[in-house]
Amino acid sequence: MNDRSQRHKRSMEKLKAHVDEKVANAQEQRGLLLIFTGNGKGKTTAAWGTVTRALGYGYRVGVVQFIKGLWDCGERDRLESDLNLEVSIMATGFTWETQNRETDTAACQAVWQDAARMLADESVYLVVLDEITYMLKFGYLDFETLRQALVNRPKEQTVIITGRNAHRELLEMADTVTEMQEVRHAFNAGIQARRGIDY
């Protein structure tokens, strides 16, 4: 074995020991609170990927879409026939289109009832609250209402929250926070969103 191969082997041995130690130390089993935030694209897509994974194992999943629900959604269209998936959609779609605080608040509160029910149901393994960060930012949903539902949810239930500008207390509560950072976005160069790629 040459010198480069020996160095590589030693490096991989150290890496393996480090990973093995972290695996051995991870003893707790419970549901998680994951937050996908930031100004880059991919937050909802990442959440749907986790939905697909959970459904693949036969778990029950609930998805509540707070903003983009009336838009075409390839993931939702593909998965909605799965009997283990429940999707609830806020009836107004994009809040910047409606421009009506009362209507948007009422729509948020209505769909929140479905979210609250899912968050209290121990048979639901994963709940996705897609774009709920905007509901908090615009004041359509009280933060304490969400916080209490998250704190009191079943121990084995995982929740994914998506959206920009996640509330700082949510970030403190979360087990995992992933920030999507925009480096470049085709839309800003005048390129339309592409079916099957962007939605």
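Description of the structure in this document. Computed from a predicted model, the values in this text were never measured in an experiment.

### Considering the overall build of the protein chain
- Of regular secondary structure, the protein chain possesses eight helices and six strands.
- Secondary structure of the protein chain in N-to-C order comes out as α-β-α-β-α-β-α-α-β-α-α-β-α-β.
- Seen through its C-alpha atoms, the protein chain measures out along the principal axes to roughly 70 × 45 × 35 Å.
- Residues counted as buried form 36% of the 199 residues belonging to the protein chain.
- Accessible surface, the protein chain as shown: approximately 12300 Å² in total, 49% of it carbon and sulfur.
- Of the side-chain charges in the protein chain, 26 are positive and 28 negative, and the distance between the mean point of each set is 8 Å.

### A look at the pairing of strand S1 (residues 33–37)
- Within S1, five of the five residues are buried, which leaves the element mostly enclosed by the surrounding structure.
- Burial along S1 is two-sided: the residues Leu-33, Ile-35 and Thr-37 and Leu-34 and Phe-36 are all buried.
- As paired elements, S1 and strand S5 (residues 158–162) share four bridges and run parallel to each other. Paired with Leu-34 across the bridge in S5 is Ile-160.
- Two strands pair when backbone bridges link them, and S1 and strand S6 (residues 176–179) are joined in this way by four bridges, in the parallel orientation. The residue bridging Thr-37 from the neighbouring strand is Glu-179, located in S6.

### Observations concerning the sheet that holds strand S4 (residues 124–130)
- On the basis of which strands lie adjacent, the open sheet formed by six strands has the order S3-S2-S4-S5-S1-S6 and parallel pairing. Among the strands making up the open sheet, the edge pair consists of strand S3 (85–89) and S6. Shown here is a sheet whose adjacent strand axes are inclined to one another by a mean of 10°, direction ignored.
- Here strand S2 (residues 60–65) pairs with S4 via six bridges, running parallel. Its bridge partner lying in S4, Val-61 is registered against Leu-126.
- Running over the sheet, helix H5 (residues 101–119) touches S2, S3, S4 and S5 and is turned about 150° from S3.

### A look at the environment of Leu-83
- You can see Leu-83 is positioned in the loop between helix H3 (74–79) and S3.
- Between the C-alpha atoms of Leu-83 and Gly-58, which are 25 residues apart in sequence, the distance is 9.6 Å.

### Observations concerning a nonpolar patch on the surface
- A contiguous nonpolar surface patch, about 340 Å² in accessible area, is contributed by Met-12, Leu-15, Val-19 and Val-23.
- Counting through the fold element by element, Val-23 comes out in helix H1 (residues 3–25).
- Assessed through its relative accessible area of 56%, Val-23 is described here as exposed.

### Digging into the packing of aromatic side chains
- A complete count under the given rule lists four aromatic pairs for this structure.
- With a centroid separation of 6.5 Å and 50° between ring planes, the pair formed by Tyr-57 and Tyr-59 is classed as tilted.
- Residue Tyr-59 is classed as partly exposed on the basis of its relative accessible area of 33%.
- On the basis of an interplanar angle of 55° and a centroid distance of 5.6 Å, the ring pair of Phe-138 and Tyr-140 is categorised as tilted.
- Relative accessible area serves as the criterion here: at 30%, Phe-138 is assigned to the partly exposed category.

So, how was this worked out
- Residue numbers here run from 1 along each chain, matching the order of that chain's written sequence.
- Side-chain atom pairs in this predicted model are given and counted only at pLDDT of 80 or more, local residue features only at pLDDT of at least 70, and totals for whole chains, interfaces and linings cover all residues.
- Excluding hydrogens and water, the side-chain figures rest on all heavy atoms present in the structure.
- Every helix listed is a DSSP run of H or I at least four residues long, and every strand listed is a run of E at least two residues long, numbered separately from the N terminus.
- Partly exposed residues are those whose accessible area sits between 20% and 50% of the maximum for their type, while under 20% is buried and over 50% is exposed, using a 1.4 Å probe and protein chains only.
- Here, Shrake-Rupley sampling with a 1.4 Å probe gives the accessible areas, and only protein chains in the shown set may cover a residue.
- We score Asp and Glu as negative and Lys and Arg as positive, and we do not count His or the chain ends.
- In plain terms, the charge of a residue is placed at NZ if it is Lys, CZ if Arg, CG if Asp and CD if Glu.
- Pairing between strands is defined by DSSP: at least two bridges between them are needed.
- Fitting a line to C-alpha atoms yields each axis, with helices limited to the stretch in contact; the angle taken between N-to-C directions then spans 0 to 180 degrees.
- What makes two residues a contact is simply this: any of their non-hydrogen atoms within 4.5 Å.
- Here a patch means residues that are over 30% exposed by relative accessible area and free of salt bridges, tied together within 9 Å if like-charged and within 5 Å if nonpolar (Val, Leu, Ile, Met, Phe, Trp, Tyr).
- Each reported salt bridge corresponds to a side-chain nitrogen of Lys or Arg within 4 Å of a carboxyl oxygen of Asp or Glu.
- For Phe, Tyr and Trp, where Trp contributes only its six-membered ring, two rings pair if their centres lie within 6.5 Å, and the inter-plane angle classes them as stacked under 30 degrees, edge-to-face over 60, or tilted in between.

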